[in-house]
2 protein chains.
Amino acid sequence: MSQNDLLTPWREVMVEMVRGDQPDLSMRQWALLLTVYLTPGPHTVRRLSEDLEVPKPAISRALDALSIHGLVKRERHDADRRVVLVRKTADGSEFLDRFAEAVDASERSADLGYY
Amino acid sequence: MSQNDLLTPWREVMVEMVRGDQPDLSMRQWALLLTVYLTPGPHTVRRLSEDLEVPKPAISRALDALSIHGLVKRERHDADRRVVLVRKTADGSEFLDRFAEAVDASERSADLGYY
DNA sequence: CTTGCCTGTTTCGCTATCGAAACAGGGCGG
DNA sequence: CCGCCCTGTTTCGATAGCGAAACAGGCAAG
(Lines give C-alpha, C1' and ligand atoms only; values in the text may rest on other atoms or scores of the structure.)
Protein backbone atom coordinates (compact mmCIF):
# COMPACT_ATOMS: atom_id res chain seq x y z
CA MET A 1 0.00 0.00 0.00
CA SER A 2 1.45 3.30 -1.02
CA GLN A 3 1.89 6.20 1.33
CA ASN A 4 -0.77 8.01 -0.65
CA ASP A 5 -3.40 5.34 -0.25
CA LEU A 6 -2.58 5.12 3.41
CA LEU A 7 -2.89 8.84 4.03
CA THR A 8 -5.74 9.72 1.71
CA PRO A 9 -8.45 8.64 4.15
CA TRP A 10 -6.82 10.79 6.78
CA ARG A 11 -6.90 13.73 4.45
CA GLU A 12 -10.53 13.20 3.57
CA VAL A 13 -11.65 12.85 7.14
CA MET A 14 -9.61 15.82 8.32
CA VAL A 15 -10.95 17.96 5.50
CA GLU A 16 -14.46 16.97 6.53
CA MET A 17 -13.69 17.94 10.11
CA VAL A 18 -12.47 21.31 8.91
CA ARG A 19 -15.53 22.01 6.82
CA GLY A 20 -17.15 23.66 9.81
CA ASP A 21 -20.25 21.51 10.29
CA GLN A 22 -19.26 19.59 13.43
CA PRO A 23 -17.92 21.22 16.59
CA ASP A 24 -14.28 21.80 15.73
CA LEU A 25 -12.06 20.19 18.29
CA SER A 26 -8.35 20.71 18.67
CA MET A 27 -5.98 17.81 18.34
CA ARG A 28 -5.69 17.48 22.10
CA GLN A 29 -9.42 17.45 22.45
CA TRP A 30 -9.69 14.71 19.85
CA ALA A 31 -6.97 12.64 21.48
CA LEU A 32 -8.67 13.06 24.82
CA LEU A 33 -12.12 12.20 23.52
CA LEU A 34 -10.93 9.09 21.73
CA THR A 35 -8.95 7.97 24.75
CA VAL A 36 -11.97 8.25 26.99
CA TYR A 37 -14.15 6.28 24.60
CA LEU A 38 -11.69 3.64 23.37
CA THR A 39 -9.52 2.73 26.32
CA PRO A 40 -10.59 1.00 29.51
CA GLY A 41 -11.51 3.27 32.42
CA PRO A 42 -11.87 4.56 34.93
CA HIS A 43 -10.48 7.77 33.48
CA THR A 44 -9.28 10.38 35.91
CA VAL A 45 -7.64 13.70 35.15
CA ARG A 46 -4.35 12.48 36.52
CA ARG A 47 -4.35 9.30 34.44
CA LEU A 48 -5.34 11.10 31.26
CA SER A 49 -2.62 13.64 31.91
CA GLU A 50 -0.03 10.88 32.19
CA ASP A 51 -1.35 8.83 29.27
CA LEU A 52 -1.38 11.77 26.89
CA GLU A 53 1.76 13.35 28.36
CA VAL A 54 -0.02 16.65 28.68
CA PRO A 55 -0.06 18.85 31.80
CA LYS A 56 -3.07 18.47 34.08
CA PRO A 57 -4.40 22.00 33.53
CA ALA A 58 -4.55 21.33 29.81
CA ILE A 59 -6.65 18.23 30.48
CA SER A 60 -8.92 20.24 32.71
CA ARG A 61 -9.43 22.86 30.03
CA ALA A 62 -10.01 20.28 27.33
CA LEU A 63 -12.62 18.61 29.53
CA ASP A 64 -14.35 21.98 29.86
CA ALA A 65 -14.54 22.25 26.09
CA LEU A 66 -15.76 18.70 25.60
CA SER A 67 -18.31 19.07 28.40
CA ILE A 68 -19.74 22.19 26.83
CA HIS A 69 -20.46 20.17 23.71
CA GLY A 70 -21.89 17.38 25.87
CA LEU A 71 -19.36 14.88 24.54
CA VAL A 72 -18.16 13.89 27.99
CA LYS A 73 -19.16 14.44 31.59
CA ARG A 74 -17.40 14.78 34.91
CA GLU A 75 -18.42 12.86 37.99
CA ARG A 76 -16.99 12.94 41.51
CA HIS A 77 -15.65 9.64 42.76
CA ASP A 78 -17.62 8.56 45.83
CA ALA A 79 -14.83 6.77 47.68
CA ASP A 80 -12.30 9.56 47.21
CA ARG A 81 -14.00 12.81 46.51
CA ARG A 82 -10.86 14.51 45.26
CA VAL A 83 -11.00 12.35 42.17
CA VAL A 84 -12.94 13.29 39.06
CA LEU A 85 -14.13 10.46 36.85
CA VAL A 86 -14.54 11.25 33.19
CA ARG A 87 -17.56 9.53 31.70
CA LYS A 88 -18.96 8.90 28.27
CA THR A 89 -22.27 10.46 27.23
CA ALA A 90 -24.92 9.42 24.74
CA ASP A 91 -24.16 12.50 22.64
CA GLY A 92 -20.49 11.63 22.63
CA SER A 93 -21.16 8.07 21.51
CA GLU A 94 -23.32 9.31 18.72
CA PHE A 95 -20.70 11.85 17.72
CA LEU A 96 -18.05 9.14 17.51
CA ASP A 97 -20.41 6.88 15.59
CA ARG A 98 -20.70 9.50 12.91
CA PHE A 99 -16.97 9.99 12.96
CA ALA A 100 -16.40 6.25 12.57
CA GLU A 101 -18.76 6.21 9.62
CA ALA A 102 -16.78 8.96 7.94
CA VAL A 103 -13.55 7.06 8.53
CA ASP A 104 -15.08 3.85 7.25
CA ALA A 105 -16.41 5.51 4.13
CA SER A 106 -13.03 7.07 3.35
CA GLU A 107 -11.13 3.84 3.84
CA ARG A 108 -13.56 1.87 1.75
CA SER A 109 -13.37 4.29 -1.14
CA ALA A 110 -9.57 4.26 -0.93
CA ASP A 111 -9.67 0.46 -1.10
CA LEU A 112 -11.58 0.55 -4.36
CA GLY A 113 -8.21 0.97 -6.03
CA TYR A 114 -7.60 -2.74 -5.44
CA TYR A 115 -10.29 -4.06 -7.74
CA MET B 1 -14.97 -4.41 11.78
CA SER B 2 -16.13 -2.81 14.99
CA GLN B 3 -16.17 0.89 15.57
CA ASN B 4 -13.41 0.39 18.12
CA ASP B 5 -11.03 -1.35 15.76
CA LEU B 6 -11.72 1.30 13.18
CA LEU B 7 -11.04 4.22 15.49
CA THR B 8 -8.22 2.84 17.59
CA PRO B 9 -5.54 3.63 15.02
CA TRP B 10 -6.87 7.17 14.89
CA ARG B 11 -6.61 7.44 18.63
CA GLU B 12 -3.07 6.11 18.68
CA VAL B 13 -1.87 8.41 15.94
CA MET B 14 -3.59 11.44 17.42
CA VAL B 15 -2.17 10.70 20.85
CA GLU B 16 1.27 10.49 19.27
CA MET B 17 0.72 13.84 17.60
CA VAL B 18 -0.23 15.35 20.93
CA ARG B 19 2.80 14.02 22.76
CA GLY B 20 4.68 17.19 21.95
CA ASP B 21 7.61 15.81 19.95
CA GLN B 22 6.57 16.91 16.44
CA PRO B 23 5.48 20.43 15.53
CA ASP B 24 1.89 20.54 16.70
CA LEU B 25 -0.39 21.51 13.87
CA SER B 26 -4.01 22.47 14.13
CA MET B 27 -6.66 20.51 12.29
CA ARG B 28 -6.78 23.09 9.52
CA GLN B 29 -3.06 22.98 9.14
CA TRP B 30 -3.14 19.20 8.85
CA ALA B 31 -5.95 19.27 6.33
CA LEU B 32 -4.08 21.86 4.31
CA LEU B 33 -0.78 20.01 4.44
CA LEU B 34 -2.31 16.70 3.40
CA THR B 35 -4.25 18.35 0.61
CA VAL B 36 -1.11 19.92 -0.81
CA TYR B 37 0.76 16.63 -0.72
CA LEU B 38 -1.96 14.19 -1.73
CA THR B 39 -4.07 15.94 -4.33
CA PRO B 40 -3.00 17.04 -7.80
CA GLY B 41 -1.77 20.62 -8.14
CA PRO B 42 -1.19 23.29 -8.89
CA HIS B 43 -2.35 24.51 -5.50
CA THR B 44 -3.21 28.15 -5.17
CA VAL B 45 -4.58 29.97 -2.15
CA ARG B 46 -7.91 30.47 -3.85
CA ARG B 47 -8.28 26.81 -4.81
CA LEU B 48 -7.28 25.59 -1.38
CA SER B 49 -9.74 28.01 0.15
CA GLU B 50 -12.55 26.60 -1.98
CA ASP B 51 -11.54 22.95 -1.57
CA LEU B 52 -11.37 23.18 2.21
CA GLU B 53 -14.27 25.60 2.48
CA VAL B 54 -12.20 27.88 4.64
CA PRO B 55 -11.83 31.65 4.16
CA LYS B 56 -8.76 32.79 2.26
CA PRO B 57 -7.17 34.66 5.17
CA ALA B 58 -7.24 31.44 7.18
CA ILE B 59 -5.39 29.65 4.39
CA SER B 60 -2.85 32.45 4.27
CA ARG B 61 -2.25 32.19 8.00
CA ALA B 62 -2.01 28.42 7.90
CA LEU B 63 0.54 28.67 5.09
CA ASP B 64 2.57 31.02 7.29
CA ALA B 65 2.61 28.41 10.02
CA LEU B 66 3.49 25.54 7.70
CA SER B 67 6.18 27.62 5.99
CA ILE B 68 7.80 28.44 9.30
CA HIS B 69 8.22 24.73 9.90
CA GLY B 70 9.49 24.30 6.35
CA LEU B 71 6.71 21.87 5.48
CA VAL B 72 5.57 23.87 2.46
CA LYS B 73 6.78 26.80 0.42
CA ARG B 74 5.21 29.63 -1.55
CA GLU B 75 6.17 30.50 -5.08
CA ARG B 76 4.92 33.29 -7.33
CA HIS B 77 3.36 32.12 -10.57
CA ASP B 78 5.36 33.48 -13.51
CA ALA B 79 2.52 33.91 -15.98
CA ASP B 80 0.21 35.65 -13.50
CA ARG B 81 2.16 37.13 -10.67
CA ARG B 82 -0.85 37.65 -8.49
CA VAL B 83 -1.04 33.91 -8.00
CA VAL B 84 0.83 32.08 -5.27
CA LEU B 85 1.65 28.44 -5.91
CA VAL B 86 1.97 26.25 -2.86
CA ARG B 87 4.76 23.73 -3.23
CA LYS B 88 5.94 20.65 -1.43
CA THR B 89 9.32 20.64 0.29
CA ALA B 90 11.76 17.87 1.11
CA ASP B 91 11.19 18.44 4.82
CA GLY B 92 7.45 18.19 4.33
CA SER B 93 7.76 14.93 2.42
CA GLU B 94 9.91 13.49 5.15
CA PHE B 95 7.48 14.70 7.79
CA LEU B 96 4.59 12.97 6.03
CA ASP B 97 6.66 9.83 5.56
CA ARG B 98 7.08 9.57 9.28
CA PHE B 99 3.41 10.28 9.75
CA ALA B 100 2.48 7.54 7.28
CA GLU B 101 4.71 5.13 9.15
CA ALA B 102 2.92 5.91 12.39
CA VAL B 103 -0.45 5.37 10.71
CA ASP B 104 0.74 2.14 9.14
CA ALA B 105 2.08 0.82 12.42
CA SER B 106 -1.17 1.59 14.23
CA GLU B 107 -3.32 -0.02 11.59
CA ARG B 108 -1.17 -3.12 11.44
CA SER B 109 -1.26 -3.62 15.18
CA ALA B 110 -5.02 -3.15 15.17
CA ASP B 111 -5.30 -5.80 12.46
CA LEU B 112 -3.52 -8.34 14.60
CA GLY B 113 -6.86 -9.04 16.15
CA TYR B 114 -7.83 -10.94 13.02
CA TYR B 115 -5.36 -13.80 13.40
C1' DC C 1 -3.52 55.72 -18.36
C1' DT C 2 -7.50 54.60 -15.97
C1' DT C 3 -10.96 51.66 -14.25
C1' DG C 4 -12.43 47.48 -12.37
C1' DC C 5 -11.68 42.98 -11.03
C1' DC C 6 -8.84 39.55 -9.50
C1' DT C 7 -4.98 37.80 -6.64
C1' DG C 8 -3.19 36.99 -1.85
C1' DT C 9 -2.11 39.54 2.56
C1' DT C 10 -2.73 42.37 6.55
C1' DT C 11 -5.29 44.59 10.14
C1' DC C 12 -8.82 44.67 13.58
C1' DG C 13 -10.98 43.14 17.93
C1' DC C 14 -11.97 38.92 20.05
C1' DT C 15 -11.76 34.26 21.76
C1' DA C 16 -9.22 30.10 22.82
C1' DT C 17 -5.30 27.86 24.34
C1' DC C 18 -0.81 27.56 26.25
C1' DG C 19 2.63 26.34 30.49
C1' DA C 20 3.75 27.62 35.09
C1' DA C 21 2.44 28.66 39.34
C1' DA C 22 -0.83 29.46 42.80
C1' DC C 23 -4.90 27.72 44.63
C1' DA C 24 -9.02 25.14 47.11
C1' DG C 25 -10.17 21.33 49.35
C1' DG C 26 -10.29 16.02 50.48
C1' DG C 27 -7.66 12.19 52.76
C1' DC C 28 -4.84 10.38 56.23
C1' DG C 29 -1.05 9.60 59.55
C1' DG C 30 0.41 11.41 63.68
C1' DC D 1 -6.85 18.74 65.36
C1' DC D 2 -2.75 19.51 62.46
C1' DG D 3 0.30 18.98 58.81
C1' DC D 4 1.30 17.07 54.59
C1' DC D 5 0.46 15.21 50.28
C1' DC D 6 -2.76 14.30 46.98
C1' DT D 7 -6.67 15.59 43.88
C1' DG D 8 -8.39 18.75 40.17
C1' DT D 9 -9.06 23.79 39.15
C1' DT D 10 -8.07 28.60 38.52
C1' DT D 11 -5.20 32.52 37.60
C1' DC D 12 -1.60 34.78 35.11
C1' DG D 13 0.57 36.88 31.02
C1' DA D 14 1.65 35.55 26.53
C1' DT D 15 0.71 33.52 22.08
C1' DA D 16 -2.08 31.78 18.25
C1' DG D 17 -6.28 31.37 15.97
C1' DC D 18 -10.64 33.23 14.25
C1' DG D 19 -13.97 35.97 10.64
C1' DA D 20 -14.80 40.33 8.52
C1' DA D 21 -13.17 43.99 6.34
C1' DA D 22 -9.68 46.78 4.51
C1' DC D 23 -5.67 46.58 1.88
C1' DA D 24 -1.64 46.28 -1.82
C1' DG D 25 -0.63 45.14 -6.17
C1' DG D 26 -1.06 42.52 -10.90
C1' DC D 27 -3.92 42.08 -15.02
C1' DA D 28 -6.67 43.38 -18.88
C1' DA D 29 -10.42 45.92 -21.26
C1' DG D 30 -11.48 50.35 -22.82
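Per-chain numbering applies: the sequence of each chain, read as written, is numbered from 1 onward. Lettering of chains starts at A and numbering of ligands starts at 1, both following the order in which they are written. In keeping with the predicted nature of the model, local features appear solely for residues at pLDDT of at least 70, side-chain atom pairs appear and are counted solely at 80 or more, and the whole-chain, interface and lining totals rest on all residues. In computing side-chain values, all of the structure's heavy atoms are included and hydrogens and water are not.

Per an unreviewed UniProt entry, chain A is named MarR family transcriptional regulator, and its organism is Parvularcula maris.

Novice: Describe the overall build of chain A, listing the residues and the values that go with them.
Specialist: Scanning chain A for helices and strands turns up 5 helices and 3 strands. Secondary structure elements follow DSSP: runs of H or I of four or more residues count as helices, runs of E of two or more count as strands, with numbering from the N terminus. Secondary structure of chain A in N-to-C order comes out as α-α-β-α-α-β-β-α. Principal-axis analysis of the C-alpha atoms gives chain A an extent of 55 × 25 × 20 Å. Remark: exposure states derive from per-residue accessible area (1.4 Å probe, protein chains only) relative to the maximum for the residue type, with buried under 20%, exposed over 50%, and partly exposed in between. Out of the 115 residues belonging to chain A, those deemed buried represent 43%. Residues count as neighbours in contact if any of their non-hydrogen atoms are within 4.5 Å of one another. Excluding contacts between residues fewer than 6 apart, the proportion of contacts in chain A whose partners are at least 24 apart in sequence is 52%. Areas reported as accessible are Shrake-Rupley estimates using a 1.4 Å probe. Residue values count occlusion only from the protein chains shown. Accessible surface, chain A as shown: approximately 6300 Å² in total, 48% of it carbon and sulfur. Within chain A, the 19 negative side-chain charges are centred at a point lying 10 Å from the centre of the 16 positive side-chain charges. Think of it this way: Lys and Arg go in the positive column, Asp and Glu in the negative one, and His and the chain ends go nowhere. One atom stands in for each charge, and that atom is NZ of Lys, CZ of Arg, CG of Asp or CD of Glu.

Novice: I'd like a description of the interface of chain A and chain B, backed by residues and values.
Specialist: Facing 35 residues of chain A, the contacting portion of chain B comprises 35 residues. Carbon and sulfur atoms supply 73% of the area that chain A and chain B bury against each other, a total of about 3300 Å² over both sides. A side-chain nitrogen of Lys or Arg and a carboxyl oxygen of Asp or Glu constitute a salt bridge if their distance falls within 4 Å. Where chain A packs against chain B, one counts 0 salt bridges. Polar contacts, as counted here, are pairs of nitrogen or oxygen atoms within 3.5 Å of one another; within protein the pair requires one atom able to donate a hydrogen and one able to accept it, and residues that are adjacent in sequence qualify only if both atoms are side-chain atoms. Counting across the interface, chain A meets chain B through 4 residue pairs in polar contact (both at pLDDT 80 or more). Secondary-structure elements contributing two or more residues to the side of chain A that touches chain B are α1 (3-18), α2 (27-38), α3 (45-52) and α5 (90-111) of chain A. Put simply, buried area is how much 1.4 Å-probe accessible surface two parts lose in total, over both of them, once they are put together.

Novice: So what's going on with the relation of the copies chain A and chain B? Which residues, and what values?
Specialist: By a simple turn and slide, chain A fits onto chain B: the slide is 0.0 Å along the axis, the RMSD is 0.0 Å, and the turn is 180 degrees. Between the two chains, the operation in question is that of a two-fold axis. Taken together, the interface assignments show that 100% of the residues at the interface of chain A recur at the interface of chain B, consistent with an identical surface on both copies. When the copies are superposed, the least-squares fit draws on C-alpha atoms of residues that have pLDDT of at least 70 in both.

Novice: Give me the lowdown on the sheet that holds strand β3 (residues 84-88) of chain B, citing residues and values where you can.
Specialist: Residue and element names in this part refer to chain B. Between any two strands, pairing holds if DSSP finds at least two bridges. On the basis of which strands lie adjacent, the open sheet formed by 3 strands has the order β1-β3-β2 and antiparallel pairing. Edge positions in the sheet fall to β1 (43-44) and β2 (72-76), since each of these pairs with one other strand and no more. Pairing between β2 and β3: 5 bridges, direction antiparallel. Paired with Arg 74 across the bridge in β3 is Val 86. This element, helix α4 (residues 56-68), spans β2 and β3 of the sheet and lies at about 120 degrees to β2. Interaxial angle, 0 to 180 degrees, is taken between N-to-C directions of lines fitted to C-alpha atoms, where a helix line uses only the stretch in contact.

Novice: Please set out the protein's contact with DNA strand D residue by residue, giving values where relevant.
Specialist: Neighbouring residues of DNA strand D: 19 residues in total, closest Arg 46, Lys 56 and Ser 60 of chain A together with Arg 28 and Gln 29 of chain B. The criterion for a residue being near a molecule or strand is simple. One of its heavy atoms has to lie within 4 Å of it. Considering the 4 Å shell around the protein, atoms of DNA strand D inside it are sugar or phosphate in 70% of instances. At 2.8 Å, a side-chain N or O of Arg 46 of chain A approaches a phosphate oxygen of DNA strand D. Taking Ser 60 of chain A, its side chain carries an N or O atom lying 2.6 Å from a phosphate oxygen of DNA strand D.

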